[in-house]
Amino acid sequence: MQRRTGSLIALVSAGVCLYAFAISLDEGGGGPPPTFHATLAEPSLYGDGGTHVQVVDAPAGPHELRFVPNGDSPRTLTVTASGEGTSFEGTLSLVSERQGTEAAEYYTWDYEGPRLVEVGAAGPLEVRVDPHGQTGGSVSVSLYPR
C-alpha cells in the first residue's frame, strides 16, 4: 500500500511539474508582458469593500484575461476594466476537471466566462477584481495584450 501511495504521489508531482513547464513554454517570454497582473493570496490584498483595484497604463486594442487558480480560489470572480473608451465587466466561475486515471488522478482548475477585454484608447485603465467575499484562497489574474 505504501508503495502504491508513493507511486501515486510521484506521478501527480511529475504531472504538475510537466504542466507548469508546458505553461511556461506556451507563454514563452517572447510575447508582450502583461498589462495588469495581481497575485491575490490573502485577505489583506483586497481593499475596502473586499475588492482589489489597480490602475495601469494600457495600450489600445484587444486584451485577454488569464488566471492561475487552484482548488481554494474564489468560486466566482467579477473582473471590471474601465477607462476612456473601455467598459468591461465579466463574471467568471471556477470549474474543476479531473485528470489522469484511477491510479493517478488529480484536478485542474480554470475560470469560465468572458475573457476578451477591448481597450478602446491607450491610457489609464482601472482593473477591479471582486471575489464576492471569498478572500481566503489564492488566484493570479493577468490581462495580456493579444
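Before reading on, note that the structure itself is shown above.
Owing to the predicted nature of the structure, the values given are computational and were not obtained by experimental measurement. (Residues numbered from 1 in each chain as written. Predicted model: local features only at pLDDT ≥ 70, side-chain atom pairs only at ≥ 80, totals over all residues. Heavy atoms only, no water.)

What follows covers unusual backbone geometry. A positive phi angle, near 55°, is found at His132, a position not held by glycine. Relative to the elements of secondary structure, His132 occurs in the loop between strand S8 (123-130) and strand S9 (139-145). The class for His132 is partly exposed, based on a relative accessible area of 41%. (Helix = DSSP H or I, 4+ residues; strand = E, 2+ residues; numbered from the N terminus. Buried < 20%, exposed > 50% of the residue type's maximum accessible area, 1.4 Å probe, protein only.)

With that out of the way, let us pick up the side chain of His52. Within the element layout of this structure, His52 appears in strand S2 (residues 52-58). Its relative accessible area of 14% is what places His52 among the buried residues. A distance of 3.2 Å separates polar atoms of two side chains, one belonging to His52 and the other to Gln54. Non-local contacts of His52, meaning those with residues more than four positions away in its chain, are made with Phe36, Ala38, Leu40, Leu45, Tyr46, Val127, Arg128 and Val129. (Polar contact = N/O pair within 3.5 Å; in protein donor to acceptor, adjacent residues only side chain to side chain. Contact = heavy atoms within 4.5 Å.)

The next thing to look at is the pairing of strand S7 (residues 116-119). Of the two faces of S7, the one holding Val117 and Val119 is buried and the one holding Leu116 and Glu118 is not buried anywhere. Here strand S3 (residues 61-69) pairs with S7 via four bridges, running antiparallel. Pairing of His63 across the sheet is with Val117, part of S7. (Pairing = 2+ DSSP bridges.)

On to the sheet that holds S8. Overall, antiparallel pairing links the five strands, which are arranged S2-S8-S4-S5-S6 in an open sheet. The open sheet has two edge strands with one neighbour each: S2 and strand S6 (105-112). Between one strand and the next, the sheet's axes are offset by a mean angle of 20°, whatever the strand orientation. Relative to S6, strand S5 (residues 86-100) runs antiparallel, the two being bridged by eight bridges. Paired with Glu97 across the strands is Thr108, a residue of S6. (Axes fitted to C-alpha atoms, helices over the stretch in contact; angles between N-to-C directions.)

A few words on the pattern of salt bridges. Counted according to the given criterion, the structure contains four salt bridges. With a closest N to O distance of 3.4 Å, Arg98 and Glu105 form a salt bridge. Of the residues examined, Glu105 reaches a relative accessible area of 34% and is grouped as partly exposed. Taking the shortest distance from any N to any O, the salt bridge between Asp110 and Arg115 comes out at 2.8 Å. The exposure class assigned to Arg115 is partly exposed, which follows from its relative accessible area of 21%. (Salt bridge = Lys/Arg side-chain N within 4 Å of Asp/Glu carboxyl O.)

Strand order in the open sheet formed by four strands is S1-S9-S3-S7, and the pairing between neighbours is antiparallel. Edge positions in the open sheet fall to strand S1 (36-40) and S7, since each of these has one partner strand only. Each neighbouring strand pair of the sheet contributes to a mean axis angle of 20°, computed without reference to strand direction.

Judged from the seven bridges that link them, S3 and S9 form a sheet pairing that is antiparallel. Paired with His63 across the bridge in S9 is Pro145.

Attention shifts here to the side chain of His63. Locating His63 in the fold gives a position in strand S3. Looking at His63, the relative accessible area reads 0%, which means it is buried. Reaching out from His63, the side chain makes a polar contact with the side chain of Thr35 at a distance of 3.1 Å. Setting aside residues no more than four positions away along its own chain, His63 makes contact with Thr35, Arg115, Leu116, Val117, Val119, Leu143, Tyr144, Pro145 and Arg146.

Purely geometric numbers; function is a separate question.
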